[in-house]
Protein chains: 2
Amino acid sequence: MVSINRRVVLSGLAMLPALSSTLLPGAALAQAPGGVLPSWNDGLAKQSILEFVRATTDQSRPTYVSPEERIAVFDQDGTLWVEHPMYTQVVYCLEHVPAVVEKRPELKDVEPFKTVLSGNREAMARLSMRDLEEILAATLTGMSVDEFNAEVKKWLATAKHPRWGLHYTELVYQPMLEVLRHLRDNGFKTYIVTGGGQDFVRVYAQQVYGIPPEQVVGTMGGTKYGYEDGRPFLTKEPKLLLNDDKAGKPEGIHLMIGRRPSIAFGNSTGDREMLEWTGAGTGARLMMLLLHDDPMREYAYGPAQGLPESKVGTFTQALYDEAKQKGWVVISMKNDWNEVFPPTTVGRTTR
Amino acid sequence: MVSINRRVVLSGLAMLPALSSTLLPGAALAQAPGGVLPSWNDGLAKQSILEFVRATTDQSRPTYVSPEERIAVFDQDGTLWVEHPMYTQVVYCLEHVPAVVEKRPELKDVEPFKTVLSGNREAMARLSMRDLEEILAATLTGMSVDEFNAEVKKWLATAKHPRWGLHYTELVYQPMLEVLRHLRDNGFKTYIVTGGGQDFVRVYAQQVYGIPPEQVVGTMGGTKYGYEDGRPFLTKEPKLLLNDDKAGKPEGIHLMIGRRPSIAFGNSTGDREMLEWTGAGTGARLMMLLLHDDPMREYAYGPAQGLPESKVGTFTQALYDEAKQKGWVVISMKNDWNEVFPPTTVGRTTR
């Protein structure tokens with residue numbers, strides 16, 4: 001039901017907190033300070049964004065784009081918020097296993113649920129891709145759309161990231177929030193195009209990014225219309241409609257938007273085809289890749305980090321080479337950003 | 001690939017012109033005259049629309065809806081434009097068979113293509129549902145998204161409706177264009193939710209209805225990402241993702257919009273679940289059904305027309321009864337509309 005990379009998923013298991021969550025106030029809304037892109041240092045990345053907006057909104061220029069054609073797309077995991085040590089949605093699924101077992105006690109002694117319930121990190125790290133898919137299906141489907149929304153909302157209000165002790169929805173990149181705002185201020189429709197579950201991301205996208213549910217494109221599952229006491233409801237089905245990753249991203253963009261974007265942001269090989277598709281259009285184009293090269297403030301897992309191959313994330317050398325060859329702009333988190341997280345998080349990390 | 005009703009499809013065959021089209025200027029843009037709903041006669045239907053808009057946009061009322069929650073959905077065939085004697089998209093598919101056979105000559109002597117090419121109406125009326133699906137698959141898939149758009153656009157610019165001799169895109173209902181505009185003027189996002197092909201309707205929805213491609217929800221097929229000379233393109237695949245009809249309409253609304261509409265318009269049993277889903281939300285609701293009871297200006301095929309059962313359209317007595325029981329408002333084309341088609345069409349019918 002959701003696009004996952006087994007290595008990325010499992011490598012983070014050891015760093016996760018126990019399967020419990022504490023009741024704490026909801027995530028603070030991320031807010032950008034005044035001015036345009038204040039968290040960006042001057043440089044090619046910042047200038048590319050500002051120039052792209054000028055080129056597409058100045059009617060006197062041949063690169064002008066009419067307002068209804070202004071479509072901007074953003075990957076989420078690793079582009080708008082932290083994706084390490086594990087995709088947030090996968091953390092949700094693992095932590096939601098106890099609730100599923102409570103409703104379906106027959107799963108208690110059945111693998112892979114038994115292993116997840118054991119809390120044994122080493123055993124969990126040995127789960128197969130098929131096991132993970134079973135966990136995702138059990139925790140993301142089989143309930144009504146309304147129930148799912150309520151469960152995710154409740155979890156997000158309490159769960160914390162193991163490194164910073166902050167809500168996942170607080171660990172969004174302040175410079176990217178500023179880009180979203182700057183584009184919207186200039187008439188662009190901003191879309192998330194994520195390998196994560198469309199319904200999952202929709203739960204918080206408006207509050208966290210200012211992006212409404214209809215502008216979230218993600219991995220899509222089917223639903224089934226039915227009645228309870230004469231009242232209609234939709235049940236989330238374990239039926240994959242589209243895996244919104246890699247080639248699935250331009251396919252998802254066509255399905256959900258029906259127009260080609262003119263600006264696209266990503267950070268991994270999962271975003272390659274989306275950037276290619278965006279770049280193949282006519283007129284002004286801007287394709288950007290966020291390089292995680294900042295282990296002090298966030299993480300470093302790009303191709304140039306000198307890490308052994310197995311620790312290198314999905315921003316591969318091949319992607320780096322394609323970016324260079326095609327003129328995609330690489331954003332260095334370390335050099336291009338003077339802030340990483342929203343001001344509301346400053347001084348609040350608990351670990 | 002598209003939701004079709006065999007009876008509706010085939011009953012119209014005899015009334016179609018020959019498989020040819022003449023070169024004529026493109027469809028005129030439909031424009032509503034000034035004022036609110038001028039083509040609507042005073043009555044329950046008009047008052048229901050005006051009152052719904054007041055109730056949802058007046059901040060002092062408990063029924064106020066915040067702007068981002070203002071979602072309006074409209075069926076297309078028979079609700080926004082003429083669906084008789086045959087769905088326009090099916091006419092396109094049949095008329096496009098010669099072009100397909102030109103590219104794939106091996107189909108020339110193969111059924112059902114041979115029958116369509118023969119132009120023999122009686123033989124065509126005997127085509128099975130499976131035959132029709134084969135024709136739809138051959139004419140709606142297998143080409144790039146860009147090729148498909150260009151072919152539909154070209155066809156729409158020349159094809160004419162057999163009764164009026166006007167372009168199909170001119171045969172839209174002026175009163176409904178006024179409703180679309182009134183809702184948009186009051187902050188509603190207007191969506192088409194059609195059993196027709198999503199990609200087909202997107203070709204003209206902006207020009208004809210002022211509805212952008214990302215706000216067209218229809219029957220959805222998969223696409224496949226590929227390269228030609230290093231340049232990426234999307235091919236339309238014969239893979240059905242969602243049949244956006246009946247229960248598929250609320251499912252499609254969830255998939256594409258992710259919010260529940262508060263106002264919905266339809267005209268047939270294909271819209272029943274969409275109206276139920278809309279009606280099951282909280283706050284101000286308005287569900288409307290267009291009754292075709294105007295054989296002079298358009299057609300009459302509702303339940304109360306006294307036509308033999310086989311000639312009755314998909315606005316059944318059961319739907320009429322459900323509408324009455326649930327407070328859905330029935331629009332009488334004959335009594336509620338003082339105009340049916342846009343002013344640009346007046347005096348231009350050629351037959």
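Structure shown above.
Quick look at the structure, then. (Residues numbered from 1 in each chain as written. Chains lettered and ligands numbered in written order. Predicted model: local features only at pLDDT ≥ 70, side-chain atom pairs only at ≥ 80, totals over all residues. Heavy atoms only, no water.)

### What about the pattern of salt bridges?
The line we're drawing: For this analysis, a salt bridge means a side-chain nitrogen from Lys or Arg found within 4 Å of a carboxyl oxygen belonging to Asp or Glu. Burial classes: relative accessible area under 20% of the type maximum marks a residue as buried, over 50% as exposed, and values in between as partly exposed (1.4 Å probe, protein chains only).
Throughout the structure, instances matching the rule amount to 38 salt bridges over all chains. B:D245 is the partner of B:K246 in a salt bridge, and the nearest nitrogen-oxygen pair spans 3.9 Å. You can call B:K246 partly exposed: its relative accessible area is 41%. Via salt bridges that share partners, A:R272, A:E273, A:E276, A:E322 and A:K326 belong to a single interconnected network.

### Describing the relation of the copies chain A and chain B
Using the following cut-off: Here the copies are superposed with least squares, the fitted atoms being C-alpha atoms of residues at a pLDDT of at least 70 in both. Two residues form a contact once any of their heavy atoms are found within 4.5 Å.
When chain A is fitted onto chain B, the two copies agree to an RMSD of 0.0 Å after a turn of 180° and an axial shift of 0.0 Å. The transformation just described matches what one would write down for a two-fold rotation axis. Take the interface residues of chain A: 100% of them recur as interface residues in chain B, which is what a same-surface contact looks like.

### Focus: the packing of aromatic side chains
Residue and element names in this part refer to chain A. Our working rule: Stacked, tilted and edge-to-face are the three classes assigned to paired rings of Phe, Tyr and Trp, where Trp is represented by its six-membered ring and a pair needs centres within 6.5 Å; plane angles under 30 degrees give stacked, over 60 edge-to-face, the rest tilted. Secondary structure elements are taken from DSSP: a helix is a run of H or I of four residues or more, a strand is a run of E of two residues or more, and numbering for both begins at the N terminus.
Tallying each qualifying case throughout the model produces 32 aromatic pairs over all chains. Plain terms: the ring middles of Y92 and F148 are 6.4 Å apart, the flat faces sit at 90° to each other, and that makes the pair edge-to-face. With Y92 in helix α3 (residues 88–103) and F148 in helix α7 (residues 145–156), this pair connects stretches of sequence that are 56 residues apart. Comparing Y92 with F148, the two get one shared label, buried. Measuring from ring centre to ring centre gives 5.2 Å for Y225 and Y227, while their planes differ by 80°; the resulting arrangement is edge-to-face.

### Some remarks on helix α11 (residues 272–279) of chain B
The periodicity of an α-helix, 3.6 residues per turn, causes residues three or four positions apart to be oriented the same way. The element α11(B) is largely enclosed, with a buried count of six among its eight residues. Three or more residues of α11(B) are buried, namely B:E273, B:M274, B:L275, B:E276, B:W277 and B:T278.

### Some remarks on the interface of chain A and chain B
Note the cut-off: For any pair of parts, buried area is found by adding up, for both, the accessible area (1.4 Å probe) each one loses once the two are put together.
Residue-level contacts link 40 residues of chain A with 40 residues of chain B. Summing both sides of the interface, chain A and chain B together bury roughly 3,200 Å²; the carbon and sulfur share of this comes to 53%. Three residues, A:E214, A:Y225 and A:H254, lead the burial of chain A against chain B; their summed loss comes to 20% of the area buried on that side. In this structure, the connection of chain A to chain B is made through four salt bridges. Here A:E214 ties to B:K189 by a salt bridge, and the two come within 2.8 Å at their closest N and O atoms.

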